[in-house]
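# Structural characterization, general
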Amino acid sequence: MRRLNCVQILLLSLPLAFVAGCGNGSSVGSGSQQQSASIFTMATDASLPSVVSCQLTVNSVTLANGSTNVSVLSAPVLIDFAKLNGLHDLIDLNSVPTGTYTSATLTLGTTASIGYINTATVPPPSALRPEIYRRPS
Amino acid sequence: MTVPLAKPFVLNSADLVGLRMEFDIRQSLAVDGSGQITGAVNPTFHMQLLNAADANVSIDDFRGGYVGAAGNNSFVMQGPLGRQWTVTANNNTQFDTGDHMASFTANSIVDVSGQLNPVTHAIDASEISLVSTDKFLMGGLLTDARPPSGAATAADLYVRSELPAISGINPGQITTLTLNGSEVYAIANLPISLTTIVFNNFSLAAGQHVAVGGVVNTVSGVTTLTPHRVILARQGQAGTWVPGSTLSTAGNNGSFQLTDDSTAGVLLPTPLTVLTTSFTSFVNLNGGLSALSGTTAIPLRVVGLVLIDSNDPYTHSRRPVMVARFVEQITP
């Protein structure tokens, strides 16, 4: 019988690396007054076969503009990335100083909860009636 | 760990930019030779800063509690982190479940799709659905509906989300819903008034992504949800195109088969029939449906609605199919 399994996995190396890309590159606001722009944060995922939930706590996301690190997440948030599967989940909106942003840092909570279907077992002839297994962290 | 952006991103005064944070589950979770999760995690994110109008930072199925009206065409809702957002409708906004703003109350939970307005920072809504009238919502995957034919009297839901969070039923658990046919059935993201004909208690199936609004009861320590609204929501499925399976009636109207081994795939038929229409968007597939040709399997991600087709074009039997809104060729 195929089963839904849920495990909690310790994330050992945090904060973590990510692959970064970026968009436009027009002129920089350079007035002497402190000016601001806004950044909204959006979560999405690239799925893995049989994973039905993948819950991570994102503790912080910061962008660096060369002189300061700017937070773009006002509080930690628990996100189930697996439910998104390409859809976009709006998380937060924050004001940030203008400038040229060159790097970013993401920190996660210490555990991940992964729910998956064990496809190695034989499915029942009738409708699937999965069971949940939760392994303590 | 801090990593330089591949290219510096310039933010000017009053700009509105979206930070797209993609968790690459495929890259992050190790699997063994048979595709089973090993438990090893190497978190990998892809981050992009994008203009607010970019489709890659559009808002899908944003859910929150209705707070109150904010003018004739706007209202305020509360989302994650307690933040309140203004939602603005216009003449093009689709009210998918047929419920308009005037009917929203403090007990309403709404589902909004659209884009953030760069000037007002309100959500310019393309779609609005009323998903709960009871101040509680549970979302997840149906894993079973009983009996196998006729009107369902019970369904099992793998809970992925709750709004608000409650004790007794938690994400990651399966809860059984008792159904009696009095529930309101509707489809989010399908703005036609006939959705109750194609989605109702006779057409529930394992693998469907639903949002269920209702009342939570706890008796003798057992928490259950009495459903009042069952809303079918769009979902993503990944897999590979089955060579030779494409059937086209006219243009992008037609179908193909997907060897669907992703997420809900094990709950749905394999291969999964995907129906396409003139409203289906094909991404990275020049030529649309006709690009699905040749003798080699093509990796795809399909976003759409899982519905029961009384006459599947391949099996000529009654079975779940996906009606596609997006079909995207992906890099494996």
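Residues numbered from 1 in each chain as written. Chains lettered and ligands numbered in written order. Predicted model: local features only at pLDDT ≥ 70, side-chain atom pairs only at ≥ 80, totals over all residues. Heavy atoms only, no water.

### Concerning the overall build of chain A
Scanning chain A from terminus to terminus reveals zero helices and nine strands. For chain A, the sequential pattern of α-helices and β-strands runs β-β-β-β-β-β-β-β-β. Per-residue burial over chain A gives 55% buried out of 137 residues. Expressed as a percentage of contacts within chain A between residues at least 6 apart in sequence, the contacts between residues at least 24 apart total 83%. Of the roughly 5,500 Å² of accessible surface on chain A, a fraction of 52% belongs to carbon and sulfur atoms. (Helix = DSSP H or I, 4+ residues; strand = E, 2+ residues; numbered from the N terminus. Buried < 20%, exposed > 50% of the residue type's maximum accessible area, 1.4 Å probe, protein only. Contact = heavy atoms within 4.5 Å. Areas by Shrake-Rupley, 256 points an atom, 1.4 Å probe, with all protein chains shown as cover.)

### A short note on the overall build of chain B
From N to C terminus, chain B includes two helices and 24 strands. The principal-axis extents of the C-alpha atoms in chain B amount to approximately 55 × 55 × 45 Å. Within chain B, contacts between residues at least 6 apart in sequence are counted, and of these 58% link residues at least 24 apart. Positive and negative side-chain charges in chain B, numbering 14 and 22 respectively, have mean positions lying 1 Å apart. (Lys, Arg positive; Asp, Glu negative; His and termini not counted. Charge placed at Lys NZ, Arg CZ, Asp CG, Glu CD.)

### Thoughts on the pairing of strand 3 (residues 36-46) of chain A
Residues and elements named next belong to chain A. Across the eleven residues of strand 3, ten count as buried, placing the element largely inside the fold. Where strand 3 lies against strand 7 (residues 89-97), eight bridges are found, and the strand directions are antiparallel. From the neighbouring strand, Thr41 faces strand 7, where its bridge partner is Asp92. (Pairing = 2+ DSSP bridges.)

### Let's talk about the confidence of the model for chain B
For any part of a model where pLDDT is low, the fine detail of the predicted coordinates should not be relied upon. In this model, chain B carries a mean pLDDT of 88, and residues with pLDDT of at least 70 account for 93%. Reported confidences for the modelled complex are a pTM of 0.82 and an ipTM of 0.84. (pLDDT = per-residue confidence, 0-100.)

### Overview of the pattern of salt bridges
Proximity of charged atoms lets side chains of opposite charge pair with each other. All names here are of chain B. Following the criterion strictly, the structure yields ten salt bridges over all chains and no others. The closest approach of N and O atoms between Glu22 and Arg20, which form a salt bridge, is 2.9 Å. In this structure, a network of salt bridges that share partners links the residues Asp60, Asp61, Glu127 and Arg234. (Salt bridge = Lys/Arg side-chain N within 4 Å of Asp/Glu carboxyl O.)

### Side note on the pairing of strand 11 (residues 123-132) of chain B
All names here are of chain B. Burial of strand 11 is extensive: eight of the ten residues sit out of reach of the surface. In terms of strand pairing, strand 10 (residues 109-116) meets strand 11 through eight bridges, oriented antiparallel. Each residue of the ladder has a partner; that of Asp111, found in strand 11, is Ser129.

### Some remarks on the sheet that holds strand 17 (residues 222-232) of chain B
All names here are of chain B. On the basis of which strands lie adjacent, the open sheet formed by six strands has the order 14-13-12-16-17-15 and mixed pairing. Sheet topology places strand 14 (174-178) and strand 15 (184-187) at the edges, where each strand pairs with a single neighbour. Across this sheet, the average inter-strand angle for adjacent strands is 50 degrees, counted without regard to direction. Pairing geometry for strand 12 (residues 137-146) and strand 13 (residues 154-163), over nine bridges, is antiparallel. By the bridge assignment for strand 13, Leu142 is matched with Leu157. (Axes fitted to C-alpha atoms, helices over the stretch in contact; angles between N-to-C directions.)

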